[in-house]
Structure formats: structure tokens, C-alpha cells
Amino acid sequence: MSLSLNQWTTRRWSLAEAVDGCARHGLEAIGLWREKVAEQGLARSAKLVREAGLRVSSLCRGGFLTTGGEAFAAALADNRRAVDEAAELGAACLVLVVGGLPGVRPGEPLPAGFGRDLAGARGRVAEALAELAPYAGERGVKLALEPLHPLYCPDRAVISTLGQALDLSLPYPEEQVGVVVDTFHVWWDPRLFEDVARAGSRIASYQVCDYLHPLPADVLLGRGMMGDGVIDFRPITRAVLDAGYTGDVEVEIFNADVWAADPDEVLATMRARYAELVLP
């Protein structure tokens, strides 16, 4: 395994600055976000990464597939565009955050008339995969289903466990659909090690950061630098390795203090904590 910077960890860096930072700090891979790619331009982004000799460990993100009607069709169209972008960038996978309850927008108060049909929302994710998996496969892109911690079930992801994500992936070839193991989201799961072993070569991405306690008021920003929270990383890393994962380890942190810090200092700390706490 080698270390990868998910560029949201150094959010105030542009894509060009993040690529340069990875090269200066001796990293071999970078996880990209579609917003940052769009700012730079798709072709230019691909060229910058390629010329720096970096791998694209993931592209974030597709998903938000739980709506119905015209919104569902629009979501499918956007996800096809994301697949095309991942193909152009040579990304190891396209991460899918599947979406929450219909009508509930991330981080906003509950609107009138929002949907409470959790089973139906999960069914629409399965329906969307039937459309998107063959499209991704034809373009050499692996879709990576990311289960999110249950506290994000209402507004971000109705898939909360690695086992749920894995079960959704199984009807498709592993080249088309895999799963993400993100320590922030799955560390608490009593079936984690069993499901990591069951996932095996379907593990498309391994992402690490810590789970802060107490969480901040904006729970989206509760992801911390490794060692600043409650997660014991080494057993999870060992389980992922034993399952056969040989990809990059991507550090993805949403945290206001990390974003405000000097990005070069963040990368230096990230490298040190990775060696000290994450590697088995």
C-alpha cells in the first residue's frame, strides 16, 4: 500500500496546488473531487496528474440516487458524466455516496413533504446500479459504494454498513462495482472484520481518518487527523490487507481546523501519523 491525499483534506488548495504538494511530499497518488476537477478543467486536470506521475486513487463523487421521477433521471445522467470523468482521469474508482431520504438535503432542516420510505430509497439505489454498472464497465470504471455512518442516513447515505454495500455490489462483476472501507464510517460496526474478509477483492478504496469525540455541531466536520479521535487503525488495516487489498490508503478529512492549517504542515502530519498509527 502507499499513501494518497484526498484533496478535500487540503481543501483550500486548487487541484494544481494539491498535485504539486503530493509531488513535493513524496506521495504517489491523489484522490480527486469533481468540483476541483471542474475548476481546473477535465483535460487539464488529467494532464497535471499524469505529468506529476501520480495515480488517481479515487474520484469523489457520484451518487445521490434516492430521488424519484425526473430527479432520478437527472441523477443518473450526472452519474454517467461522473463515470466519463473518472475514465478520462484514469481513476481507480468512482466513489458513490448513495443519498438519503427523498427530499432531505444534506445539512438542512427537514422540508415539508419529505419522504420517510427508507426501504424505497434503498430500492432506488439498487435500481440505479442496474443502469450504471454496465455503463461504467464499458468504460473501464469501477463504481465504489461507500457506506456512511448511520448518523448520515437521513440526508447522505441510506447505506450504513459495509455489509449492506457489499450485498448491493454482488450482482455485478467486481470490475464494475466494489465497496469503500472508510474508517470514520465503519469503525463501530461489530461485523466489520467479517464483512471486510467477505468483501475481499471488491474493496475498491481504503480511506482513513479519525472519529472525533465529541462531534462538532456540524457533524460532517467530525473527521479528524489519525490519532486525534477514538479509532484503532492497525487492526482495520490488517484486515483490509488480509482481504487482498493492494491499492492506496487515502486520507480524507473534513475538519475546519485542518482546512485552516498550512496544507504543507497537514501533509507532513498526515505522513507521520500514517506511519505511526495506520500501517500494521
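Notes on the structure in this doc start here. If you're wondering where the values come from, they're calculated on a predicted model, not measured in any experiment.

### Considering the overall build of the protein
Here is step 1: Along the protein, the regular secondary structure elements total 11 helices and 10 strands.
Here is step 2: In terms of C-alpha radius of gyration, the protein reaches 18 Å, essentially the compact-globule figure of 19 Å for 280 residues.
Here is step 3: With the C-alpha coordinates aligned to their principal axes, the bounding extent of the protein is approximately 45 × 40 × 40 Å.
Here is step 4: Looking at the 280 residues of the protein, the share that counts as buried comes to 55%.
Here is step 5: Relative to all contacts within the protein whose residues are 6 or more apart in sequence, the contacts with residues 24 or more apart total 79%.
Here is step 6: Accessible area for the protein stands at about 11,400 Å²; split by element, carbon and sulfur atoms hold 52% of it.

### What to know about empty space enclosed by the protein
Rolling a probe over the atoms, with the probe sized like a water molecule, indicates the empty space that remains.
Here is step 1: Under the defined criterion, the tally for this structure stands at 1 cavity of 30 Å³ or more.
Here is step 2: In this model, the largest cavity occupies a volume close to 160 Å³.
Here is step 3: In terms of lining residues, the largest cavity is bounded by 14 residues, among which R61, L148, H185, R223 and F254 are the most central.
Here is step 4: If you list the elements that add at least two residues to the lining of the largest cavity, you get strand 3 (55–63) and strand 4 (94–97).
Here is step 5: When grouped by side-chain class, the residues that make up the lining of the largest cavity number 8 nonpolar, 1 polar and 5 charged.

What counts and what doesn't
- Residues numbered from 1 in each chain as written.
- Predicted model: local features only at pLDDT ≥ 70, side-chain atom pairs only at ≥ 80, totals over all residues.
- Heavy atoms only, no water.
- Helix = DSSP H or I, 4+ residues; strand = E, 2+ residues; numbered from the N terminus.
- Rg over C-alpha atoms; globule rule 2.2 N^0.38 Å.
- Buried < 20%, exposed > 50% of the residue type's maximum accessible area, 1.4 Å probe, protein only.
- Contact = heavy atoms within 4.5 Å.
- Areas by Shrake-Rupley, 256 points an atom, 1.4 Å probe, with all protein chains shown as cover.
- 1 Å grid on protein atoms, 1.4 Å probe; cavity = no way out; pocket = protein on both sides within 12 Å on 5 of 7 lines; lining within 4 Å.
- Points joined across faces, edges and corners; volume = space filled by probe spheres on them.
- Nonpolar A, V, L, I, M, F, W, Y, C, P; charged D, E, K, R; others polar.

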